[in-house]
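Observations on the three-dimensional arrangement
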Amino acid sequence: MLERIRNIKYVLVAIAVVIAVGSLLTSNYLISDLKMEETKRMEVWAEAMRSLNLADDNTDLNLVLQVINGNNTIPIIVVDKDGKALSSRNVDKVFAEGEDSLRYLTALAKEYKDNGCFIKIDLPAEFGESEHMGICYDESLMLKRLAIYPYIQLGVVVIFVLISIFALFAAMKAEQNKVWVGLSKETAHQLGTPISSLMAWHEVLKESYPDDVLLPEMEKDINRLKRIADRFSKIGSIPTPKPEDVKEVLERVVVYIDKRTSNKVKISMHFPEEPVIANIIPSLFEWVAENLCKNAVDAMEGSGAIDLYLDEDDTTVFVEIKDTGKGIPNKNFQSVFKPGFTTKQRGWGLGLSLAKRIVEEYHKGKIFVKESVVNVGTTFRIELPKS
């Protein structure tokens, strides 16, 4: 299911990229057409200037002047054969204080020419120094705006999409939190009544059969059920971590798991002799460790070794649980903590997701796959802050 969702996300991203590239290509095509249109207008304008310079007393200048005066958008600088500015149109004459306007226009004309925006106007030799005039021009302001508009549009779309995705994930997480809390409260509530009944029957049996050897084991199982109900109730609330000995909690987990697994599974503890204190919620952290150990047993299919390591530095407590199971592919290192992900034929895929929630949200720590090799084994690492 998660693989299918991931593939759908990739397809949607690919479609978005195709749309973005298509939009840019279309915009660039239209802008190219507009640029060619402006170039043709400049050629007509240059011819009008040539006609104006060649006009005599019998020439009708109405059409020529109409063409020349009709350009109100494209910046133009008329230059002589040496590139010196003669006149300009639609150019903002804004330049540094003390700089000559003609020098500014000449420099600007050279910049236009270097960009390939130059049209030479050939005049007869009798015009002397003015022969081979030319016009240097730039793109119109509207064309420049159109050129950057697609990128602005795409930027706005990307920001909108990112905000939408963030809002979607936030809503999904909030909904998921509600499901967790509701499920936890309902489970704790449903367990409460049968546990109370079992406690009462246990007391009756103790009075009737005080020497029965099974009663102490029954009491242990009842206490175990009480701890499970307590765990669910804490998930449904907002418990506060307190300084506790992590070593003692892990030792309880090892005792519990060891009694309920095959003799072919060897569980080893690599703990320091002194207590290791961290801010934890014992019942919930015990649940995390149990879940990791049970997953390790399942991964080894009832035969192998589990090693628990405990260490600390000045700020953090480190817990590692290593098994000799079938391992996890690298591509699934993150997926194993997502709800619904499981490699078992039977299971809901919620154990590691719940473990991650307990470690990160309730203990402000980290849990991740430190290393894993297929058919060799896996090591999970938990990092807990001391304060």
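My aim in this report is to walk through the structure given alongside it, one point at a time. The numbering scheme is per chain: residues are counted from 1 as the chain's sequence reads. Local features are withheld for residues below a pLDDT of 70 in this predicted model, meaning they are given only at 70 or higher, and side-chain atom pairs are given and counted only at 80 or more; totals for whole chains, interfaces and linings count all residues. Side-chain numbers here rest on the full set of heavy atoms in the structure, without hydrogens or water.

Attention now goes to the overall build of the chain. For the chain, the helix and strand inventory stands at 8 helices and 11 strands. For the accessible areas, the method is Shrake-Rupley and the probe is 1.4 Å, while residue cover comes only from the protein chains on display. Looking at the chain as shown, the accessible area adds up to about 24,300 Å², and 58% of this sits on carbon and sulfur atoms. Strands here are runs of E lasting at least two residues and helices are runs of H or I lasting at least four, both read from the DSSP assignment and numbered beginning at the N terminus.

Let us now look at a nonpolar patch on the surface. By definition, no residue in a patch forms a salt bridge, and every one has over 30% relative accessible area; like charges are joined within 9 Å, nonpolar side chains (Val, Leu, Ile, Met, Phe, Trp, Tyr) within 5 Å. One speaks of a salt bridge when a side-chain nitrogen belonging to Lys or Arg is within 4 Å of a carboxyl oxygen belonging to Asp or Glu. A contiguous nonpolar surface patch, about 670 Å² in accessible area, is contributed by V157, F160, V161, I165, L168, F169 and M172. In this fold, V161 is placed in helix α4 (residues 141-208). For the exposure calls, accessible area comes from a 1.4 Å probe over protein chains only, and a residue counts as buried if that area is under 20% of its type's maximum, exposed if over 50%, partly exposed in between. Relative accessible area serves as the criterion here: at 38%, V161 is assigned to the partly exposed category.

Moving on, we come to the packing of helix α7 (residues 282-300) against helix α8 (residues 351-362). Where α7 contacts α8, the two axes come as close as 10 Å, and the packing angle between them is 145 degrees. The two elements α7 and α8 cross, and the hand of that crossing is left-handed. Contacts between α7 and α8 involve L284, W287, V288, N291, L292 and N295 on the former and, on the latter, G351, L352, L354, A355, I358, V359 and Y362. When residues are sorted by character, Ala, Val, Leu, Ile, Met, Phe, Trp, Tyr, Cys and Pro go into the nonpolar class, Asp, Glu, Lys and Arg into the charged class, and all the rest, Gly among them, into the polar class. Counted by class, the contact of α7 with α8 contains 10 nonpolar, 3 polar and no charged residues. In this analysis, axes come from line fits to C-alpha atoms, helices being fitted only over the stretch in contact, and the angle between any two N-to-C directions falls in the range 0 to 180 degrees. With the far helix as reference, a near helix turned anticlockwise by less than a right angle produces a left-handed crossing, and one turned clockwise produces a right-handed crossing. Between two residues, a contact is recorded if the distance between any of their heavy atoms is within 4.5 Å.

The rule is short: rings of Phe, Tyr and Trp, with Trp giving its six-membered ring, pair when the centres are within 6.5 Å, and they are stacked under 30 degrees, edge-to-face over 60, tilted in between. According to the stated counting rule, one finds 1 aromatic pair in the structure shown. Pairing F337 with F380 gives two aromatic rings, centres 6.1 Å apart and planes at 90 degrees, and the pair type is edge-to-face. Residue F337 is located in the loop between β9 (316-323) and α8, and its partner F380 is located in strand β11 (residues 377-385); the two are separated by 43 residues in the primary sequence. Overall, the relative accessible area of 8% leaves F380 in the buried class. Here, over-ring charges are defined by two tests on the NZ atom of lysine or the CZ atom of arginine: distance to the ring centre within 6 Å, and angle to the ring normal within 35 degrees. A cation over a ring is seen here: K356 above F337, with NZ or CZ 5.3 Å from the ring centre.

Let's shift gears to the pattern of salt bridges. Two side chains carrying opposite charge are able to pair once their charged atoms lie near each other. Throughout the structure, instances matching the rule amount to 14 salt bridges. Salt-bridge contacts for K144 lead to D138; the nearest nitrogen and oxygen are separated by 2.8 Å. Accessibility expressed as a relative area gives 36% for K144, which makes it partly exposed. In this structure, E383 and R381 form a salt bridge, with 3.1 Å as the shortest nitrogen-oxygen distance. Comparing E383 with R381 shows no difference in burial state: the two are buried. One salt-bridge network, in which partners are shared between bridges, spans E320, K370, R381 and E383.

Moving on, we come to the sheet that holds strand β8 (residues 304-312). Note on pairing: DSSP must find at least two bridges between two strands before they are called paired. Taken in spatial order, the 5 strands line up as β6-β8-β9-β11-β10 in an open sheet, and their pairing is mixed. Sheet topology places β6 (265-270) and β10 (366-373) at the edges, where each strand pairs with a single neighbour. For this sheet the average axis-to-axis angle between neighbouring strands, irrespective of direction, equals 15 degrees. Taken together, the 8 bridges between β9 and β11 define a ladder with antiparallel strand orientation. Counterpart to V319 in the pairing with β11 is I382. Sitting on the sheet, α8 touches β10 and β11, and the angle it makes with β10 is about 135 degrees.

Another point: the side chain of H363. Here H363 is to be found in the loop between α8 and β10. Of the residues examined, H363 reaches a relative accessible area of 2% and is grouped as buried. Identification of polar contacts relies on pairs of N or O atoms within 3.5 Å, with a donor-acceptor requirement for protein atoms, meaning one able to donate a hydrogen and the other able to accept it, and with residues adjacent in sequence counted only if both atoms are side-chain atoms. For H363, the side chain forms a polar contact with the main-chain nitrogen of I281, separated by 2.9 Å. With sequence-adjacent residues up to four places away left out, H363 is seen in contact with N279, I280, I281, L284, F285, I358, L384 and P385.

If you check the backbone angles, K364 has positive phi at about 55 degrees while not being a glycine. Assignment of secondary structure puts K364 in the loop between α8 and β10. Residue classification places K364 among the exposed residues on the basis of a relative accessible area of 63%. Phi is positive for N375, which is not a glycine, with a value near 65 degrees. Here N375 is to be found in the loop between β10 and β11.

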